[in-house]
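# What the coordinates show
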Amino acid sequence: MKNKSLVSINDYSKEEQLRILEVAQEFEKKPVQTILQDYVVASLFFEPSTRTRLSFESAVNRLGGKVIGFSEATNTSVKKGESLRDTILTIANYSDLIVMRNPVEGSARFASEISPVPIINAGDGANQHPTQTLLDLYSIQKTQGTLDNLHVALVGDLKYGRTVHSLVIAMCNFNTTFHLISPLELKLPSSVKMHIKEKNLSYFQYTEMNEVFSHADILYMTRIQRERFSDPLEFERIKNSYILHKDMIANTKDSFKVLHPLPRVNEIDIQVDSSEKAYYFEQALNGVYVRQALMALILGLR
Ligand code: CP
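Residues numbered from 1 in each chain as written. Predicted model: local features only at pLDDT ≥ 70, side-chain atom pairs only at ≥ 80, totals over all residues. Heavy atoms only, no water.

### Examining empty space enclosed by the protein
Summed over the entire model, instances satisfying the criterion amount to one cavity of 30 Å³ or more. One number sums up the size of the largest cavity: a volume of about 40 Å³. Along the lines of polarity and charge, the residues of the lining of the largest cavity split into two nonpolar, two polar and three charged. (1 Å grid on protein atoms, 1.4 Å probe; cavity = no way out; pocket = protein on both sides within 12 Å on 5 of 7 lines; lining within 4 Å. Points joined across faces, edges and corners; volume = space filled by probe spheres on them. Nonpolar A, V, L, I, M, F, W, Y, C, P; charged D, E, K, R; others polar.)

This is how it looks when you write it as structure tokens:
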């Protein structure tokens, strides 16, 4: 993985993904180290973020490294018309690794093709969010004791939810049965379903939420992505399609967990937070360890 950019989850093999999860366990046991003391990581966020940006920056800081970057591009020379190419080529002079979120699908791939330093895609439009997937895999493995042969229910905006796209593709390596719950307008794109079909795995599509809870291992809730809708009325019509309440998960398996990449808007009632089956805040914490592991491996320090 040394010097290897991560743009799409499939850029890394199943074995490489599992290696990241293994190294993440080490960082969970000992998150404060000095291995990045000679390194500068650039954190370029052209689109809003709380967890991804701050967990990356926390991960670097806890490993003794330095962070440069921005949380919005309005104070940079992008505002004067500078291209993404020139921005990346410039910032690569100042850093050893670039973490980038950009609203344009394919922008991370483009950056990886021209950058002399590795690029980590922190989300490109509605396309992919591979580091979220790595922390989702870590969270599933940690709570279920395995990644194999699970029933995973994904609920909400399966069309625009980039975390869903990356997670489904990754879970295709583990004989997963998928339960896809969405409004008809927000079904999982066929380009992602193609990965399920290629592996001859089973998937079921629903429009009602609680049909599958009794045999699901993981419920992966997602937000309806307001920012991806061109028609605000369409968003208003379907924004509250699914709201999870505590009583709905009462009869689930003991090991059942509710995950959510966050941010939550109102698709999980806050009463669910007190359930032992709610795991989304621990999931966000796992992002620090997984991102520490990923950066250590890309920089050749593990
Ligand atoms: N999960 C996630 O990507 O959250 P942020 O948008 O806050 O980074």
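### Observations regarding the site of the ligand
Taken together, the residues surrounding the ligand are Ser 49, Thr 50, Arg 51, Thr 52, Arg 101, His 129, Gln 132, Pro 261 and Leu 262. Take His 129: an N or O atom from its side chain is 2.9 Å from an oxygen atom of the ligand. With the chains in place, 92% of the 250 Å² that the ligand exposes on its own is no longer accessible. Given that more than half its atoms are within 2 Å of the pocket grid, the ligand belongs to the largest pocket. Tallied by class, residues from the shell around the ligand come to two nonpolar, five polar and two charged. (Near = heavy atom within 4 Å. Polar contact = N/O pair within 3.5 Å; in protein donor to acceptor, adjacent residues only side chain to side chain. Areas by Shrake-Rupley, 256 points an atom, 1.4 Å probe, with all protein chains shown as cover. Sits in = over half its atoms within 2 Å of the grid points.)

### Topic: the packing of aromatic side chains
Going through the model one piece at a time under the given rule, you end up with three aromatic pairs. Ring geometry for Phe 46 against Phe 70: centres 5.2 Å apart, planes inclined by 90°, an arrangement best described as edge-to-face. A residue pair is termed long-range when its members are at least 10 positions apart, and Phe 46 in the loop between strand E1 (40–45) and helix H2 (51–62) and Phe 70 in strand E2 (residues 66–70) qualify at 24 residues. You can call Phe 70 buried: its relative accessible area is 13%. The interplanar angle of 45° and the centroid separation of 6.3 Å between the aromatic rings of Phe 213 and Phe 256 together place this pair among those described as tilted. Residue Phe 213 is found in the loop between strand E7 (203–206) and strand E8 (218–221), and its partner Phe 256 is found in the loop between helix H8 (232–238) and strand E9 (257–259); the two are separated by 43 residues along the sequence. (Phe/Tyr/Trp six-rings, centres within 6.5 Å; stacked < 30°, edge-to-face > 60°. Helix = DSSP H or I, 4+ residues; strand = E, 2+ residues; numbered from the N terminus. Buried < 20%, exposed > 50% of the residue type's maximum accessible area, 1.4 Å probe, protein only.)

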